[in-house]
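Below are the chains, spelled out letter by letter.
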Amino acid sequence: MSEALLATQAPEAPASGASGARQFWRRLRTQRAALVAAAVVALLVLVALAAPLLTALEGQDPTTYHPSLIDSARGGVPIGSFGGISGDHWLGVEPQTGRDLFARLVYGARVSLGVALAATTVQVVLGVIVGVTAALGNRWVDQLLSRVTDIIVAMPLIIMALALLAVVPAGFPRPVLVSLIIGFVAWGTIGKITRAATLSLKNLDYVAAARLSGWSTWRIARRELLPGLAAPVITYAALMVPANISIEASLSFLGVGVKPPTPSWGQMLTSANIWYQAAPQYLLLPAGALFVTVLALTVLGDGIRTALDPRSASRLRVGTGRRQEAKAATATQTAKAAAAKETAKTAVAKETQS
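Since the model is a prediction, treat every value here as computed from it, not as a measurement. (Residues numbered from 1 in each chain as written. Predicted model: local features only at pLDDT ≥ 70, side-chain atom pairs only at ≥ 80, totals over all residues. Heavy atoms only, no water.)

(A) A look at the environment of Gly-114. Within the secondary structure layout, Gly-114 lies in helix α5 (residues 101-136). Residues Gly-114 and Pro-175 lie 61 residues apart in sequence; the distance between their C-alpha atoms is 8.2 Å. (Helix = DSSP H or I, 4+ residues; strand = E, 2+ residues; numbered from the N terminus.)

Structure (structure tokens):
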């Protein structure tokens, strides 16, 4: 999603909650790719929430070592075919440790999705507060907060996160720490989008009427501006979740994110980078889970953007978009041909009369 596109779109006056929700759902239902992506995301969330139940059903947990399932003579490769897959270990076991791979994968979904959602929540709260305050404040407040936002946007996220994670005591819960650092370092873009959208909303008639009625600035912000900000904020938040999942995986891959024994997809990729030949499933499973999650969230985010702002076409040419464009082009050509034919008939009739 282009941030410039989001920032420059002039929000419309907010519709009522019930009618707006119905319109949103009606537009979203026409996008098959977004519905499939929503089903995939819902399944991933369900798996993450039901991780204790699923592992109890398998009879395993993500931290227990099984040295008897590892061939120490071959450097720690799992015994058996396909990484030690069996009735007791549905996806095999980890090289060197023998920990159950299915249990670590589903518990890793909890960490990856939880960190991404928590970080996105922090980003949205900070960005909306700073953006609205800058747009509604006086010139000095706007200048100060805008410069702070520019500094935040210019900060290299990974480098700042590496520096902050390195100085925090090891006893602090790592998933919480990663969520807070990502949220506090990467809220600048949504702050700029919120400020631009608020400046557009300030000039609309219903906001001016509220101001003339004697409402306070913050009552206007709460009652009139925040509903109008919902579309751009929700749109960008939906696209931030997959980005935050990738950031968490990158930090864990670099060894400064979630620490063992807490499972994380990025941490699993770090351990698997030397096992891609001897035990390829150990690399492919977390990588595939990351790919599917990020792809589904990206497609869903684009579908939400299109449903909230039907004036802008989807950037992802999936589903029935091309067929709809082809039908529209054919209908346009047919209408032009019919108009040209009618014009020719009229001209012939006039010549015949003359």
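Moving on, there is more to tell.
(B) Molecular detail of helix α12 (residues 265-272). The element α12 is largely enclosed, with a buried count of 6 among its 8 residues. Those residues of α12 that fall on the buried side of the exposure criterion are Trp-265, Gly-266, Gln-267, Met-268, Leu-269 and Ala-272. (Buried < 20%, exposed > 50% of the residue type's maximum accessible area, 1.4 Å probe, protein only.)

(C) Representation of the environment of Ala-48 in the model. For Ala-48, the position within the fold is in helix α3 (residues 32-49). Assessed through its relative accessible area of 6%, Ala-48 is described here as buried. Put simply, Ala-48 and Gly-108 are 60 residues apart on the chain and 8.0 Å apart in space, counted from C-alpha to C-alpha.

(D) Structural detail: the packing of helix α11 (residues 217-253) against helix α13 (residues 280-308). Running from N to C, α11 and α13 point in directions that differ by 170 degrees, and their axes come no closer than 8 Å. Judged by the angle between their axes, α11 and α13 are roughly antiparallel. For the pair formed by α11 and α13, the contact residues are Ala-231, Ile-234, Thr-235, Ala-238, Leu-239, Val-241, Pro-242, Ile-245, Ser-246 and Ala-249 on the first element and Leu-290, Thr-293, Val-294, Leu-297, Thr-298, Gly-301, Asp-302, Ile-304, Arg-305 and Leu-308 on the second. Per-class residue counts for the contact of α11 with α13 are 13 nonpolar, 5 polar and 2 charged. (Axes fitted to C-alpha atoms, helices over the stretch in contact; angles between N-to-C directions. Parallel < 35°, antiparallel > 145°, perpendicular 65-115°, else oblique. Contact = heavy atoms within 4.5 Å. Nonpolar A, V, L, I, M, F, W, Y, C, P; charged D, E, K, R; others polar.)

(E) Spatial organisation of the confidence of the model for the protein. With 84% of its residues at a pLDDT of 70 or more, the protein has an overall mean of 81. The model gives residues 1-10 a pLDDT under 50, and that stretch makes 17 contacts with residues more than four places away or in other chains. (pLDDT = per-residue confidence, 0-100.)

(F) The pattern of salt bridges, seen in detail. If you walk through the whole model with that rule in mind, you get 5 salt bridges. Measuring nitrogen to oxygen at the nearest pair gives 2.8 Å for the salt bridge that ties Arg-99 to Glu-94. For Arg-99, a relative accessible area of 9% puts it in the buried group. A residue is classified by how much of its surface remains accessible, and Glu-94, at 2% relative accessible area, is buried. As a salt-bridge pair, Lys-192 and Asp-150 come within 2.9 Å of each other at their nearest N and O atoms. Of this pair, Lys-192 sits in helix α9 (residues 188-202) while Asp-150 sits in helix α6 (residues 139-154); the two residues are 42 residues apart in sequence, bridging distant segments of the chain. For Lys-192, a relative accessible area of 39% puts it in the partly exposed group. What makes Asp-150 partly exposed here is its relative accessible area of 28%. One salt-bridge network, in which partners are shared between bridges, spans Glu-94, Arg-99 and Arg-104. (Salt bridge = Lys/Arg side-chain N within 4 Å of Asp/Glu carboxyl O.)

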